[in-house]
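# An overview of the molecular structure
The residues making up each chain are set out below.
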Amino acid sequence: MNTSLAVRARDITKCFGDVVALDGIDLDVAPGRIHGLVGPNGAGKTTLLGLMLGLAVADSGTLEILDRPVGRALAAPDGVAGFVDGPGLYPSLTARRNLAALAALRGRDARTAGIDEVLDQVGLTDVADDRVRGFSLGMRQRLGLAAALLTMPRLLVLDEPTNGLDPASKKHVHRVLTRLASGGTAVVISSHRMDDIEALCSEVSILNTGRVVFSGPVDKLSAESGELDYRLVTTDAGTARELALDISGLRLVDEPAAGHRATGEALVVRAAVEALDELVARLVNAGVAVRELSLVISPLEAAFLALTEQQKDNG
Ligand SMILES: Nc1ncnc2c1ncn2[C@@H]1O[C@H](COP(=O)(O)OP(=O)(O)OP(=O)(O)O)[C@@H](O)[C@H]1O
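Predicted, not measured: the structure shown is a model, and the values here were computed from it.

Reading the values: the criteria
- Residues numbered from 1 in each chain as written.
- Predicted model: local features only at pLDDT ≥ 70, side-chain atom pairs only at ≥ 80, totals over all residues.
- Helix = DSSP H or I, 4+ residues; strand = E, 2+ residues; numbered from the N terminus.
- Buried ≥ 20, exposed ≤ 12 C-beta atoms within 10 Å, placed from the backbone.
- Pairing = 2+ DSSP bridges.
- pLDDT = per-residue confidence, 0-100.
- Contact = placed C-beta atoms within 7 Å.
- Near = placed C-beta within 6 Å.
- Nonpolar A, V, L, I, M, F, W, Y, C, P; charged D, E, K, R; others polar.
- Axes fitted to C-alpha atoms, helices over the stretch in contact; angles between N-to-C directions.

A positive phi is found at Asp11, a non-glycine position, where the angle reads about 55°. Positionally, Asp11 belongs in strand S1 (residues 7-16). The partly exposed category is assigned to Asp11, around which 14 C-beta atoms lie within 10 Å.

What follows covers the pairing of strand S11 (residues 228-234). Residue alternation in S11 divides its side chains into a buried set, Leu228, Tyr230, Leu232 and Thr234, and an unburied set, Asp229, Arg231 and Val233. Note: S11 against strand S13 (residues 266-271), 6 bridges, orientation antiparallel. Bridging from a neighbouring strand, Leu232 pairs with Leu267 of S13.

Time to look at the sheet that holds S1. Across the sheet, which stays open at both edges, the 4 strands sit in the order S2-S1-S4-S5 with antiparallel pairing between neighbours. Every interior strand has two partners, whereas the edge strands, strand S2 (19-29) and strand S5 (68-69), have only one. Pairing of S1 with strand S4 (residues 60-65), which is carried by 5 bridges, proceeds in the antiparallel orientation. The residue bridging Thr13 from the neighbouring strand is Ser60, located in S4.

Attention now moves to the confidence of the model for the protein. Parts of the model with low pLDDT should not have their predicted coordinates read in detail. Overall, the predicted model of the protein reaches an average pLDDT of 87, with 91% of residues at or above 70. Taken as a whole, residues 257-263 scores under 50 in pLDDT and shows 6 contacts with residues more than four places along the chain or in a different chain. If you check the scores for this complex, the pTM reads 0.83 and the ipTM reads 0.97.

Take the site of the ligand next. As a structural note, the neighbourhood of the ligand is formed by Phe16, Val19, Ala21, Gly39, Asn41, Gly42, Ala43, Gly44, Lys45, Thr46 and Thr47. Elements supplying a minimum of two residues to the shell around the ligand: S2 and helix H1 (45-52). The element contributing the most residues to the shell around the ligand is H1, with 3 residues. Partitioned by chemical class, the residues of the shell around the ligand number 4 nonpolar, 6 polar and 1 charged.

Right, let's get into the sheet that holds strand S3 (residues 34-38). Pairing in this open sheet of 6 strands is mixed, and the strands run S6-S7-S8-S3-S9-S10 from one edge to the other. Each edge of the sheet is formed by a strand with only one pairing partner; in this case those strands are strand S6 (80-83) and strand S10 (211-217). Averaged over all pairs of adjacent strands, the angle between their axes in this sheet comes to 15°, without regard to strand direction. Against the sheet, helix H5 (residues 167-182) engages S3, strand S7 (155-159) and strand S8 (186-190), with an angle of about 145° to S8.

Okay, here's the thing in structure tokens:
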């Protein structure tokens, strides 16, 4: 048995009738890592997270959670907490009473269960005694996270945890998850927000139609992404366009109509970094200033689109 992984999945399959939700999934997540799961709608992310939480069992393959094989029983493995499809909460109870009920279910005394601490960690102290019925989606998400933290998990599994969060709350949640991971907890999250994944995760798995099409460090994905789209604003877009057309390995994307020579307009160029460097050097030589140079989409998003589109093309 492997002793150093929080999640070890091998050749996992899961079908719902004729629908193959997971089709031979391998996944490793080490303790202390924040692992992102991304993929188009229906890729199988929630199904996979549900297996880790013991909400369903795989049809075949092996799943070890915190070094223990997951059996056929529908129960969260010891040391695992989290939620899919939103946290399960009692709307008629206050935030504090929800957490007390959870503590009681686990046989713990509400006075010593650390309820105030987790409410503080997720920034809900001020509304601790308000009924959950009146909570916004973001507040519910944070209370769900507090409930998970209360169990001091060694594996935290969250389906779109930053859904519905405003930017400040999102930062708050990011801090909580990062702190948890630095204490050795493995965190697996799904998200449709690439910026969230990039901000939080050191590693990512891209799922498409129930298969893992990439799994590894986010940096590796960036390094492998090759050509990317850059938005370029210069003091002379016409000259910039002419220079760009002359560089091999660089092309204009959505080139404006011929003869349209505008100053100060943005161009979008697709290039590997070497060709982009060449363009910038030529612009400087020609006396054209670069006012802005930015990625149109991040390397993660580009890889996500490339890998998932590729699969679509291959049928
Ligand atoms: N309980 C179920 N009964 C029938 N089909 C299901 C069930 N759960 C999931 N599926 C199907 O399995 C596939 C994977 O769904 P899943 O919810 O895991 O995808 P997802 O990647 O989480 O999608 P999303 O990004 O939309 O949340 C989909 O085709 C879905 O319709």
